Amino acid sequence: MAIQAVPTKGNLITTKKSLELAKVGFDLLDRKRNILIREMMTLIDRASEIQDKIDITYSRAYMALQKANTTLGICEELAGTVPVDDSLTLSYRSVMGVEIPIVSINAPDKADIPFGLYGTNSALDEAYLRFIEVKELTADLAEIENSVYRLADAIKKTQKRANALKNIMIPRFEETVKFITEALEEKDREEFSRLKVIKRQKEV
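In short, a report on the structure. Quick caveat: nothing in here was measured; it's all calculated off a predicted structure.

**Quick word on the nonpolar core**
Okay, so step 1: Counting residues in each nonpolar core, the largest one holds 16 residues, and the members touching the most others are L36, I50, V98, I144 and L151.
Okay, so step 2: At the level of secondary structure, the elements contributing two or more residues to this core comprise α1 (9-72), β2 (98-104) and α3 (122-203).
Okay, so step 3: Among the elements that line this core, the one with the most residues is α3, at seven residues.
Okay, so step 4: In contact with L36, not counting residues within four places along its chain, are V95, M96, V98, L151, A154, I155 and T158.

**What to know about the pairing of strand β1 (residues 89-95)**
Okay, so step 1: Pairing of β1 with β2, which is carried by seven bridges, proceeds in the antiparallel orientation. Along β2, the bridge assignment pairs S91 with I102.
Okay, so step 2: In sequence, β1 turns back onto β2 through a hairpin of two residues, with M96 there showing a positive phi of about 50°.

**Looking at the pattern of salt bridges**
Okay, so step 1: Counting across every chain of the model gives six salt bridges.
Okay, so step 2: The partner of R130 in a salt bridge is E126, and the shortest N-O contact between them spans 3.5 Å. Residue R130 and its partner E126 are located together in helix α3, separated by four residues, close to a single helical turn.
Okay, so step 3: Judged by relative accessible area, R130 falls into the partly exposed class, the value being 21%.
Okay, so step 4: When the shortest N-O distance is used, the salt bridge between K157 and D153 registers 3.4 Å. Here K157 and its partner D153 are both found in helix α3, four residues apart, which amounts to about one turn of the helix.

**What about a nonpolar patch on the surface?**
Okay, so step 1: A surface patch of nonpolar side chains, about 230 Å² in accessible area, is lined by I37, M41 and I44.
Okay, so step 2: One can find M41 in helix α1.
Okay, so step 3: A relative accessible area of 42% places M41 in the partly exposed class.

**Comments concerning the environment of K16**
Okay, so step 1: Assignment of secondary structure puts K16 in helix α1.
Okay, so step 2: Measuring from C-alpha to C-alpha, the distance between K16 and V177 comes to 6.6 Å, with 161 residues separating the pair along the chain.

Analysis parameters
- Residues numbered from 1 in each chain as written.
- Predicted model: local features only at pLDDT ≥ 70, side-chain atom pairs only at ≥ 80, totals over all residues.
- Heavy atoms only, no water.
- Core = buried A, V, L, I, M, F, W, Y, C linked by side-chain atoms within 4.5 Å.
- Buried < 20%, exposed > 50% of the residue type's maximum accessible area, 1.4 Å probe, protein only.
- Helix = DSSP H or I, 4+ residues; strand = E, 2+ residues; numbered from the N terminus.
- Contact = heavy atoms within 4.5 Å.
- Pairing = 2+ DSSP bridges.
- Salt bridge = Lys/Arg side-chain N within 4 Å of Asp/Glu carboxyl O.
- Patch = residues over 30% accessible without salt bridge, like charges linked within 9 Å, V, L, I, M, F, W, Y side chains within 5 Å.
- Areas by Shrake-Rupley, 256 points an atom, 1.4 Å probe, with all protein chains shown as cover.

Below you can see the structure in the form of structure tokens.
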């Protein structure tokens, strides 16, 4: 339904400008949505790859740990020698105004195994190294899954705004422009007819 604006040339110019801005706004939102969708699809592919790697690495790590437990006995004491890792850091990057997390982890040097060689074997070393790899992959996966969630939320909001412009605001401005234009043209015709009548009366 058209906005019942007073049919003046000033209102016509203002409404045309509003219509143009709404169209530009829709184009920008549509472009933003497409960029966010592309970014999200790339991350989803990466998440799938990392999840497969985590599954394989977890399986190998637990097999190595099981072998170590079988050959060395329960490795609880040796596990206590592994230091607590608090190297996880979080920063952000922006994609079209959406804050995307960057998770960083400073993994220990794989050559620096915290337990001594005496009383251990290669199975325990492999389990330790595999679980370090799992930790790194889990940090990557957490970053990607959080990013996908944020992007999906931004896409939903962008789509909602774009739909509001496309289906409500732009048609409303177009109807208002049409209404004012037709009213002004009708007014011009009436004025022209009135002037013709006046001219004929003067000629009589």
